[in-house]
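# An overview of the molecular structure
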Amino acid sequence: MAYIETSGAPRRERQPFGQAIKRAAIGLLFTAILLIPRIRRLRRNTRAWTVIRACAAVLGAWLIERFAAAHGGAGLLAIGVLLVIFAVLVRARPEKKSVDAIAGEFQALVVLNGGGFLNSPDGDSIPNVRIIVSPGRIIVLNQHETTLAEIPIRELR
């Protein structure tokens, strides 16, 4: 800011309106960029995200009801519909364990992704399993990280 000296206290020079709008837009953009990781982290928490969705649905329904009662303000209707659509469509995305995290958990030497697993010759094939080879055992996990089989290495020799 530039200050102009007068006989008394310093006085701030006025900014042009365009510069003020530009600074506000940059501030809003910066704030949005900082909020994105926090929203993604919140979306991984299923319970918190369900509460947010429920609040959005209630607020959207209330705005739609207010539009119907007032017969005016198309903006209320649009925002209400968008909030209800958000509440219905945007689901939580719980964080899945990475292959590195699974390898560290089982102290694995190798983690193989994909393929199928046949528990018995007469059984159905289970697709998309992970085979974890650790120093003392071989572990087979399904998509939901449930242990399907655990084979000690000494039984293979």
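Anything mentioned here points back to the structure above.
Below: a short report on this structure. (Residues numbered from 1 in each chain as written. Predicted model: local features only at pLDDT ≥ 70, side-chain atom pairs only at ≥ 80, totals over all residues. Heavy atoms only, no water.)

## Focus: the packing of helix 1 (residues 17–44) against helix 2 (residues 46–70)
- Two numbers describe how helix 1 lies on helix 2: the axes approach to 5 Å, and their chain directions differ by 105°. Classified by the angle their axes make, helix 1 and helix 2 are roughly perpendicular. Across from Ile39, Leu42, Arg43 and Arg44 in helix 1, the residues of helix 2 making contact are Thr46, Ala48, Trp49 and Ile52.
- Across the contact of helix 1 with helix 2, the residue classes break down as 5 nonpolar, 1 polar and 2 charged. (Axes fitted to C-alpha atoms, helices over the stretch in contact; angles between N-to-C directions. Helix = DSSP H or I, 4+ residues; strand = E, 2+ residues; numbered from the N terminus. Parallel < 35°, antiparallel > 145°, perpendicular 65-115°, else oblique. Contact = heavy atoms within 4.5 Å. Nonpolar A, V, L, I, M, F, W, Y, C, P; charged D, E, K, R; others polar.)

## Observations regarding unusual backbone geometry
- Its identity is not glycine, yet Gln107 carries a phi of approximately 50°, on the positive side.
- The topology assignment puts Gln107 in the loop between helix 4 (99–106) and strand 3 (110–113).
- Relative accessible area serves as the criterion here: at 60%, Gln107 is assigned to the exposed category.
- Although it is not a glycine, Asn128 adopts a positive phi angle of roughly 55°.
- With respect to the helices and strands, Asn128 occurs in the loop between strand 5 (125–127) and strand 6 (130–133). (Buried < 20%, exposed > 50% of the residue type's maximum accessible area, 1.4 Å probe, protein only.)

## Examining the side chain of Arg53
- Locating Arg53 in the fold gives a position in helix 2.
- One polar contact links the side chain of Arg53 to the main-chain carbonyl oxygen of Ala87, over a distance of 2.7 Å.
- Once residues within four sequence positions are removed from consideration, Arg53 is found in contact with Ala87, Val88, Val90 and Arg91. (Polar contact = N/O pair within 3.5 Å; in protein donor to acceptor, adjacent residues only side chain to side chain.)

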